[in-house]
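Letter by letter, the chains look like this.
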Amino acid sequence: MLFNSYQFIVFFLVITFTYFVIPNRFRWFLLLTASCYFYMAFVPVYIVILGFTSIVDYFAGIFIEKTQGKKKKWFLVASLCGNIGVLAFFKYYNFLNENLTVLLQGINFQNPIPYLSIILPIGLSFHTFQAMSYTIEVYRGNQKAERHFGIYALYVMFFPQLVAGPIERPQNMLHQYHERHYFDIDRFTEGLKMMLWGFFKKVVIADRLAFYVDPVYNNPTAHSGSTFILATIFFAFQIYCDFSGYSDIAIGCAHILGFKLMQNFRLPYLADSVRSFWQRWHISLTSWFRDYVFFPLTISISWKITKKKVLFIRSDRFIYLIAMSVIWILTGIWHGANWTFVIWGAINGFYLIFGVFTKDLRKKFTKITGIDKLKRINNISGIIITFLLICIPWIFFRAKDVDTAWYILSRIFTQPVSKLFLGASQWITLLSILLVLFLIGVEILQSRKWVSLYFSETRLRQSLRWAGYIFLLITISILGVGGSSFIYFQF
Amino acid sequence: MDPKLRKILTFAVRYIIFLFIFLLIDFCISEFLSSGLIKYYGLDKPSKVLLIGHSHTMLGLDKTLIEEEMHCNVSKYAMEGANVADRLAMIKHFLHQNGDSVKIITYDVDATFLTGMGLSINSYKLFYPFMDDPYIREYVKSEAKPEYDYYIKKWIRTSRFTDLNLNGSLRGHMRFYTNIKIGSIDTVAYKQRIAENDFVKITFDRNLQEEFEETLQLISERNVKMFLVLIPTIGILNRADPEKYSEAIKMIENYSKKYPNIYFINYNDEFEDQYDLFYDEIHLNPKGNKTITDKLVEDIKRILL
């Protein structure tokens, strides 16, 4: 069931009404049943996978808590293997097999392992990572094992964030399922506003930008460098509006029901450095990798390195280099079983590593040239340069394979000024540009606290706010594109 | 009163006021858009000449130029993606609105106009802006899928419009009918696409043929001359499947021969290889638009005199 469907609106209204009417002790059951129904509306049979990982992690959590020492560790390992095993099988089996075939062909062998026709369960990477964070936190002693299986299953399957996050932590969510939530009209209104902004980003901006992006990226040989530049910029906004729109709707839904989900995006395209961008984009995933991979990895490497320099690199920087390389290749693979995602991750990792390694040099340069005193110009140029840098890996993210991505990239650099494809309809392309400018305008107002961001206070008068809501509603009504799925569902 | 209940009631009143303002603005905007569209399609006045079709007519024929040359009102009722069934609805809609004013109808045809594919199966949605008209209401109600879509459009009036309607409406209010698809087709890239088999295959859909026959029947019963105009499509495309293409042209010729007041004008023979007239493989640029409109006016005058 898609958020951007009438079925979901009816479903959500019925669930919300029933949720606040029935006694508290039945609410977990209502939400769990609703979540199962929501997930089964995509491919019913895959509920079995969710059930399987929920059972494994539920018992793993209890055993981890009860045991100590090596046994405790083994239960954690078993739980992680179960989760990663499911992920590996459904998401990476054919990818690994394909690469094995290529390798074996290189030495004149035929790969005997068959390919499988598997449909990837929707949102598998999201709920698997959320489930893993539970057992890790129980292992670390930051979270008590949940004894109520229904509540635990709800933690994994809560419908607003089930298929595309935010990837939540048990410390933030589990206690909320035990609490009693009363209907609050203020919260209801705030949630609706959040959902409205999410719907606008998804059905008005993201889906409209796809009208330009899809034909260009699906038929690259027919297009020129300047067309690829525009299509890539459009794609950068398309994926942002698509994914952050989903997050806003999810956060809004949960807020209405009384649950507080974490913020997943914080105006990423207003970041003035790549590092800042990744602190604002898909926060729940980047913080997941930071907490569960980056920190443990840097600590374990630093224990093993005793020298001040490794390979002529300062040891702290060497550790950062290794940890970031691992993290970003994993982040790429998390997104999908394709080399395009690996390269996408590698480029982003490279940016961050390059940023750290050249930090002192850049500081010196800005001081010598006096650029550091021009704060506003510095900030604006930082935003523009960051955006352009981020657009390059988006090419790999969107292209169907690595060859196509290289082709597009080469066209961009060899013929940046060439005949521009104006889209199947020039009017729709013009409208897309206006909508992107509108989005940027709103985000600037959000950054200056004029417009609410993640339930913050707004400085606008009520009449202006109402005008804004009516504008969004009317725009959705006229320009809303219906029925298209969210890009991140495939992950 | 319980402060909680009081708060809820205050909010309820606010929500009702908000809803009322929303519906009022929704109504005003939809009326504005609707009046613009009516002007854009020329449904606001009786016309002697009616240009019916889809994007080929939209970009291929200049209504203002025809008005100047033929000294009469011209309505261009052409929508992107309007298939044969939609065009029948459009003709009926126009005749219902403007009675017996129409003396000449041009109807764009091409080798794929009976194929069905390529033209949107959801093109009935183009008629939502006119659903206050009883005939159109019945048409969209019968086509609407899912059925509740019809009721949503009925109550939230701006949802009847799309971005393309918005464009048409603004153009209608500004009386701006010019083709602005500037530029010419990249024939090298297009030949490559043809080589890769990337083009719409010509087939003949039985239902569309029946709808087309019904259209011709309807016109033949009235004192109206109808011109089936093949606004040129590029020769590279026409030669991609020559047998099917010839079959399609033959079929259109046969239709025109069946009725005395139906004429077929094929501009492909003369213009299909003048690549500078084409914006893309099936649509004309402003130069193509002027060339074909001039030629059409000339041909209509010649045939009718």
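Definitions and limits used
Residues numbered from 1 in each chain as written. Chains lettered and ligands numbered in written order. Predicted model: local features only at pLDDT ≥ 70, side-chain atom pairs only at ≥ 80, totals over all residues. Helix = DSSP H or I, 4+ residues; strand = E, 2+ residues; numbered from the N terminus. Buried ≥ 20, exposed ≤ 12 C-beta atoms within 10 Å, placed from the backbone. Contact = placed C-beta atoms within 7 Å. Nonpolar A, V, L, I, M, F, W, Y, C, P; charged D, E, K, R; others polar. Core = buried A, V, L, I, M, F, W, Y, C linked by C-beta atoms within 7 Å. Domains from an automatic or database assignment. Pairing = 2+ DSSP bridges. Axes fitted to C-alpha atoms, helices over the stretch in contact; angles between N-to-C directions.

### What to know about the overall build of chain B
Then, number 1: Looking only at helices and strands, chain B has 13 helices and five strands in total.
Then, number 2: Per-residue burial for chain B yields a buried fraction of 38% across its 305 residues.
Then, number 3: Within chain B, contacts between residues at least 6 apart in sequence are counted, and of these 82% link residues at least 24 apart.

### Brief notes about unusual backbone geometry
Then, number 1: Not every positive phi belongs to a glycine, and Leu267(A) is a case in point at roughly 45°.
Then, number 2: Judged by local crowding, Leu267(A) falls into the partly exposed class, with 16 C-beta atoms found within 10 Å.
Then, number 3: Positive phi values are uncommon outside glycine, yet Asn197(B) reaches one of about 65°.
Then, number 4: With respect to the helices and strands, Asn197(B) occurs in the loop between helix H8 (187–195) and helix H9 (206–220).
Then, number 5: The class for Asn197(B) is exposed, based on 8 C-beta atoms found within 10 Å.

### Overview of the interface of chain B and chain A
Then, number 1: Contacts between the two partners involve 23 residues from chain B, matched on the other side by 17 residues from chain A.
Then, number 2: When residues in the side of chain B that touches chain A are grouped by element, the largest group, nine residues, is from helix H1 (residues 3–41) of chain B.
Then, number 3: When the residues that make up the side of chain B that touches chain A are grouped by side-chain class, the tally is 14 nonpolar, four polar and five charged.

### Describing the nonpolar core
Then, number 1: The biggest cluster of nonpolar side chains holds 176 residues, and the ones touching the most others in it are Tyr155(A), Met157(A), Val213(A), Ala231(A), Ile52(B) and Phe127(B).
Then, number 2: Looking at this core, the element that brings in the most residues is helix H9 (residues 225–257) of chain A, giving 20 residues.
Then, number 3: Here this core spans two domains, and each of domain 1 (6–182) and domain 2 (184–263 + 422–491) of chain A adds at least three residues to it.
Then, number 4: Setting aside residues up to four positions removed in sequence, Tyr155(A) forms contacts with Tyr134(A), Glu146(A), Pro170(A), Met173(A), Leu174(A) and Tyr177(A).

### Considering the pairing of strand S2 (residues 74–78) of chain B
All names here are of chain B.
Then, number 1: S2 sits mainly inside the fold: five of its five residues count as buried.
Then, number 2: The two faces of S2 match: Val74, Lys76 and Ala78 on one face and Ser75 and Tyr77 on the other face are all buried.
Then, number 3: Here strand S1 (residues 49–53) runs beside S2; their pairing, made up of five bridges, is parallel. Within S2, the position partnered with Leu51 by the bridge is Lys76.

### Quick notes on the sheet that holds strand S4 (residues 225–230) of chain B
Residues and elements named next belong to chain B.
Then, number 1: Sheet architecture is open: five strands sit in the order S2-S1-S3-S4-S5, paired in parallel fashion. Edge positions in the sheet fall to S2 and strand S5 (262–266), since each of these pairs with one other strand and no more. On average, each strand axis in the sheet is inclined to that of its neighbour by 20°, with strand direction left out of account.
Then, number 2: Packed on one face of the sheet, helix H13 (residues 286–304) meets strand S3 (104–108), S4 and S5 and runs near 140° to S4.

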